[in-house]
Amino acid sequence: MNKNKLVAAYTDFMKHLHETMEDTLHSFAEALEISKEKTRKDSDLTSDELDKVSEFVQRDIEHAAHGLSPKEDNDSLSEWFKFDIELIENFALDAFLSLADKTRLELAKLEQLAEAHTYHSGDITIPGTFVCDDCGKEIAFKTPSEIPECPQCHGKTFIRI
């Protein structure tokens, strides 16, 4: 499985999701399915690869939405990413923030705000800082990336901080 292909598909999926949520009145779940179909047409991913990318996008949008309150600004999102917004390269921040906010509203309706998200080596994720669940080593990403094994202890489980 080509990881660069998955990272590119993740970025395309996010673009499709933003366009779908902006242009229609679809729920987040419906927009995910529409975006998945658009990404399927634009890529040569297998069904399993596409499912994996879809899960990564859904996880990241939901996780960001959990941390945003209705009056959040870029400083709060920057804290969530754990570094300055200006450092994020080649990422549609406005699109992501918009999706996260719309998703936050849906999640509030479903009362899923307490759910914790775990990340694993091999997952594709948005920019942010993660801490190894085994040894506490922090790793940070400025662009959508694949999470590697922990460079310190080779652990495979991480928590976003």
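Check the entry above for the structure.
The text that follows walks through the structure, step by step, so that each part is easy to find. A quick note: this is a predicted structure, and the numbers were derived from the prediction, not measured.

Some words on helix α2 (residues 28-42)
With 15 residues, α2 ought to run about 21 Å at 1.5 Å a step, and its terminal C-alpha atoms sit 21 Å apart, in line with that. Looking at α2, one finds that the buried residues are Phe 28, Ala 31, Leu 32, Ser 35, Lys 36 and Thr 39. Taken around the axis of α2, the buried residues stretch over an arc of 140 degrees, which confines them to a single face.

A closer look at the sheet that holds strand β4 (residues 138-141)
Ordered in space as β1-β6-β3-β4, the 4 strands form an open sheet in which the pairing is antiparallel. The outermost strands of the open sheet, each flanked by one partner alone, are β1 (118-120) and β4. Adjacent strand axes in the sheet meet at a mean angle of 35 degrees when their direction is disregarded. Of the pairings in the sheet, the one linking strand β3 (residues 128-132) to β4 comprises 4 bridges and is antiparallel in character. Residue Gly 128 lies in a different strand from β4, and its bridge partner there is Phe 141.

Things to note about the packing of aromatic side chains
A ring pair, where both rings are aromatic, is described by two values, the distance of the centres and the angle of the planes. Tallying each qualifying case throughout the model produces 2 aromatic pairs. Arranged with centres 4.9 Å apart and planes meeting at 70 degrees, the rings of Tyr 119 and Phe 130 form a pair that is edge-to-face. One end of the pair, Tyr 119, is in strand β1; the other, Phe 130, is in strand β3, and 11 residues separate them in sequence. Relative accessible area serves as the criterion here: at 0%, Tyr 119 is assigned to the buried category. Its relative accessible area of 0% is what places Phe 130 among the buried residues. Members of the aromatic cluster, each reached through a chain of ring pairs, are Tyr 119, Phe 130 and Phe 141.

Each value, and the rule that gives it
Along every chain, residues carry numbers that run from 1 in the direction the sequence is written. Since the coordinates come from a predicted model, pLDDT governs what is reported: local features require at least 70, and pairs of side-chain atoms require 80 or more to be given and counted, while whole-chain, interface and lining totals use all residues. To obtain the side-chain values, all non-hydrogen atoms of the structure were included, while hydrogens and water were left out. Each helix is a run of H or I in the DSSP string that is no shorter than four residues. Each strand is a run of E no shorter than two, and both are numbered from the N terminus. A helix is expected to span 1.5 Å multiplied by its residue count minus one. Accessibility here uses a 1.4 Å probe with only protein chains present; expressed as a share of the type maximum, an area under 20% marks a residue as buried, one over 50% as exposed, and anything in between as partly exposed. Of all possible arcs, the one meant is that of the directions from the helix axis to the C-beta atoms. At least two bridges found by DSSP between two strands are what make those strands a pair. Comment: axis = line fitted to C-alpha atoms, over the contacting stretch for helices; angle = value between 0 and 180 degrees taken between N-to-C directions. A pair of aromatic rings is counted whenever rings of Phe, Tyr or Trp (Trp by its six-membered ring) have centres within 6.5 Å, and the orientation is called stacked for planes under 30 degrees apart, edge-to-face for over 60 and tilted otherwise.

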